[in-house]
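Overview (structure and organization)
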Amino acid sequence: MGKELTASFGFDSMRVEAFVCPFCGALCDDIIVETGNNGDVKIENACVLGTRKIMARTRGRITKPMIGGKEVSIDEAIERAAEILVNAKKPLLYGFSSTSCEAHSAGIELAELVGGVVDCTSSVCHGPTILAIHEVGVPSVTLGEVKNRADLIIYWGCNPMHAHPRHMSRYSTFQKGRFRKGRISRKVVAVDVRPTESTKLADEFIQVEPNRDFEIFNAMRAILNSGDCRGDVIGGVPKEKLKKLVEEMKSCQFGVIFFGMGLTHTYGNYRNVREAILLVRDLNMYTKFAIIPMRGHYNVTGFNEVCTWQTGYPYAVDFTRDYPWYNPGETDANSLLIAEDVDAMLVIAADPAAHFPKQAVEYMKRIPLVVIDPFESLTSKLADVVIPAAIAGVEVEGSAYRMDGVPLRLKKVFEPPEGVLSDEEILKRIISKVKEFL
Ligand code: SF4
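What counts, and where the lines are drawn
For every chain, the first residue of the written sequence is number 1, and numbering continues from 1 onward in sequence order. This being a predicted model, a pLDDT of at least 70 is required before a residue's local features are given, and a value of 80 or more before pairs of side-chain atoms are given or counted; all residues contribute to the totals for chains, interfaces and linings. Side-chain numbers here rest on the full set of heavy atoms in the structure, without hydrogens or water. Reported domain spans reflect what an automatic or database domain assignment gives. Only heavy atoms enter the contact rule, under which two residues are in contact if any of them lie within 4.5 Å. Computed with a 1.4 Å rolling probe, the buried area is the accessible surface lost when two parts are put together, summed over both parts. Two N or O atoms count as a polar contact when they lie within 3.5 Å, although within protein this holds only if one can serve as hydrogen donor and the other as acceptor, and sequence-adjacent residues are included solely when both atoms are side-chain atoms. Side-chain classes are defined by residue name, with Ala, Val, Leu, Ile, Met, Phe, Trp, Tyr, Cys and Pro counting as nonpolar, Asp, Glu, Lys and Arg as charged, and the others, Gly among them, as polar. The salt bridge definition used is simple: a Lys or Arg side-chain nitrogen within 4 Å of an Asp or Glu carboxyl oxygen. The numbering of helices and of strands both runs from the N terminus, where a helix is a DSSP run of H or I of at least 4 residues and a strand a run of E of at least 2. Relative accessibility under 20% of the residue-type maximum defines a buried residue, over 50% an exposed one, and the middle range a partly exposed one, all with a 1.4 Å probe and only protein chains included. What makes a residue near a molecule or strand is one non-hydrogen atom of that residue sitting within 4 Å of it. When DSSP locates at least two bridges between a pair of strands, those strands are taken to pair. A fitted line through C-alpha atoms represents every axis, and for helices the fit uses only the stretch in contact; the resulting angles, taken between N-to-C directions, go from 0 to 180 degrees. Handedness of a crossing is defined here by the sense of rotation of the near helix relative to the far one, left-handed for an anticlockwise turn of less than a right angle and right-handed for a clockwise turn.

**Here we look at the domain arrangement of the protein chain**
When the parts of a complex come together, some accessible area is lost, and that lost area is often taken as the interface size. If you check the domain split of the protein chain, you get domain 1 (3–56), domain 2 (61–125 + 298–393 + 414–437) and domain 3 (127–293). On a C-alpha basis, the centroid separation for the pair domain 2 and domain 3 is 35 Å. Every contact between the two is made by 8 residues of domain 2 and, on the other side, 8 residues of domain 3. Sorting the residues of domain 2 by area buried against domain 3 places Cys125, Tyr315 and Tyr326 first, and these three jointly supply 61% of that buried surface. Inspection of the region where domain 2 meets domain 3 yields 5 residue pairs in polar contact (both at pLDDT 80 or more). Each residue belonging to the side of domain 2 that touches domain 3 can be placed in one class, and the counts come to 6 nonpolar, 2 polar and no charged.

**Details of the pattern of salt bridges**
Close approach of charged atoms lets side chains of opposite charge pair. Counting across every chain of the model gives 34 salt bridges. Between glutamate 424 and lysine 428 there is a salt bridge, with the nearest N and O atoms lying 2.9 Å from each other. With a gap of 4 residues between them, glutamate 424 and lysine 428 both fall in helix 18 (residues 423–437), about one helical turn apart. Looking at glutamate 424, the relative accessible area reads 25%, which means it is partly exposed. Since its relative accessible area comes to 44%, lysine 428 is described here as partly exposed. What emerges from the salt-bridge pattern is a single network uniting Asp29, Asp30, Arg166 and Arg170.

**Quick look at the site of the ligand**
Residues in contact with the ligand, as listed here, are Cys21, Phe23, Cys24, Leu27, Cys28, Ala46, Cys47, Leu49, Gly50, Pro165 and Arg166. Taken together, the residues of the shell around the ligand sort by class into 9 nonpolar, 1 polar and 1 charged.

**So, the sheet that holds strand 19 (residues 369–373)**
As a general point, the strands of a sheet are linked pairwise by backbone hydrogen bonds and lie either parallel or antiparallel. Reading across the sheet, the 9 strands line up as 6-5-20-19-18-7-8-16-17 and stay open at both edges, with mixed pairing between neighbours. Each edge of the sheet is formed by a strand with only one pairing partner; in this case those strands are strand 6 (70–71) and strand 17 (325–326). Looking at chain direction, strand 8 (residues 117–120) and strand 16 (residues 317–318) are connected through 2 bridges and run antiparallel. Bridging from a neighbouring strand, valine 117 pairs with aspartate 318 of strand 16. This element, helix 2 (residues 74–87), spans strand 5 (66–67), strand 7 (91–95), strand 18 (344–348), strand 19 and strand 20 (385–388) of the sheet and lies at about 130 degrees to strand 20. Of the strands in this sheet, strand 18, strand 19 and strand 20 touch helix 18, which is tilted by about 145 degrees from strand 19.

**Comments concerning the packing of helix 9 (residues 213–226) against helix 10 (residues 239–251)**
Contact geometry of helix 9 with helix 10 gives a least axis separation of 10 Å together with a crossing angle of 65 degrees. Classified by chirality, the crossing of helix 10 by helix 9 is right-handed. Of the residues in helix 10, those in contact with Ile216, Ala219, Met220, Ile223 and Leu224 of helix 9 are Lys239, Leu242, Lys243, Leu245, Val246, Met249 and Lys250. Each residue belonging to the contact of helix 9 with helix 10 can be placed in one class, and the counts come to 9 nonpolar, no polar and 3 charged.

**What about the sheet that holds strand 10 (residues 187–192)?**
The strand order across the open sheet formed by 5 strands is 11-10-9-14-15, and the pairing between neighbours is parallel. Because the sheet does not close on itself, it has two edges, and the strands there are strand 11 (204–207) and strand 15 (288–293). Neighbour to neighbour, the strand axes of the sheet diverge by 15 degrees on average, direction disregarded. Two strands pair when backbone bridges link them, and strand 9 (residues 152–156) and strand 10 are joined in this way by 5 bridges, in the parallel orientation. Residue pairing for strand 10: tryptophan 156 is matched across the bridge by valine 191. Against the sheet, helix 10 makes contact with strand 9, strand 10, strand 11, strand 14 (254–259) and strand 15, and its axis sits at roughly 135 degrees relative to strand 11, the strand it touches most.

Quick look at the structure:
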């Protein structure tokens, strides 16, 4: 997109190439950040969301640790956070999707140490995708393969132009690849309940009725496997249109479905994704087809990876039984808060007060709450203990996983404010304190 923006920060001249944008799951790694002698900052290639994230470091920062709204030293804040976690019978550690894998690792260790539950934003996002993958696997590929090979791209229940603005230009629709000449050699289909900025860029827009995706995928599988299905209109789509789409999918050289909240946040939930995966699996009897979830935060995939290595499960892991227990619907953050089944909470790199249902937030207000974040948020305003953090991927290096599971190294371009530690350091210091108390 080639957006540029300048602002004054007062730093030495520096040029960082192949900088990785720490905002969305597209994890663009072609950003250039340049700081001039006069303190100007120039950012190339990032979209407006990425640019704002990289430049956000001067706005709304938490700079001082606080207990009960009063400024304290970092040691006091860390000690109080450790005390809260040790005194709780079942603390919940939640967030993690906007920080590094190194911080994930420390957070999971801390949850096990205090016998709590650890969960990330997957439980309110692509958790249903993960449940579907548990049942039927996932025929997937990397975004590089899409760029080089895909001639049919389907965006289903997602709006990349708003949520992942460079996805179409960098990996799928517009990009030239080894076997593709760019836009001209790809067909793009958008399936959604309403026209969006993304559907406007597609060759074909199929408008479906809300909450009918399961039925549509099911009908498409019937058409693919037996040539026909019952009914003339399925989920608001004329059968003949679905038949044409199935034919296009069957006869392409390399197809891919990208999907988002339109499948995971509607009736049917994980079963929508399961049915989509089964359709893709069936299509591989005829051609090469893949499916990729449009993961949201830049490192939500990373948390799922790290948590799986360390515990065997990707999110919503309960350590209260001396062994990891995983049962989303029971052990995810919202279920626990609504059931009032936790008695303290640590939130890191997330803002659940802004995104959770009212009942969960009301309960958050009634239990001791620790927040670790670079920025003020609705959640930080509710917190008993607030610990400022450096911005991962801007002020601290680390590892992150792109939406297709490709790991990339986050770079650092600015120093954090004086005395402000990284998420990983904060969690490790809380771990040391907890060990003293236990
Ligand atoms: S598309 Fe996502 S990762 Fe790429 S620059 Fe924009 S916000 Fe950053």
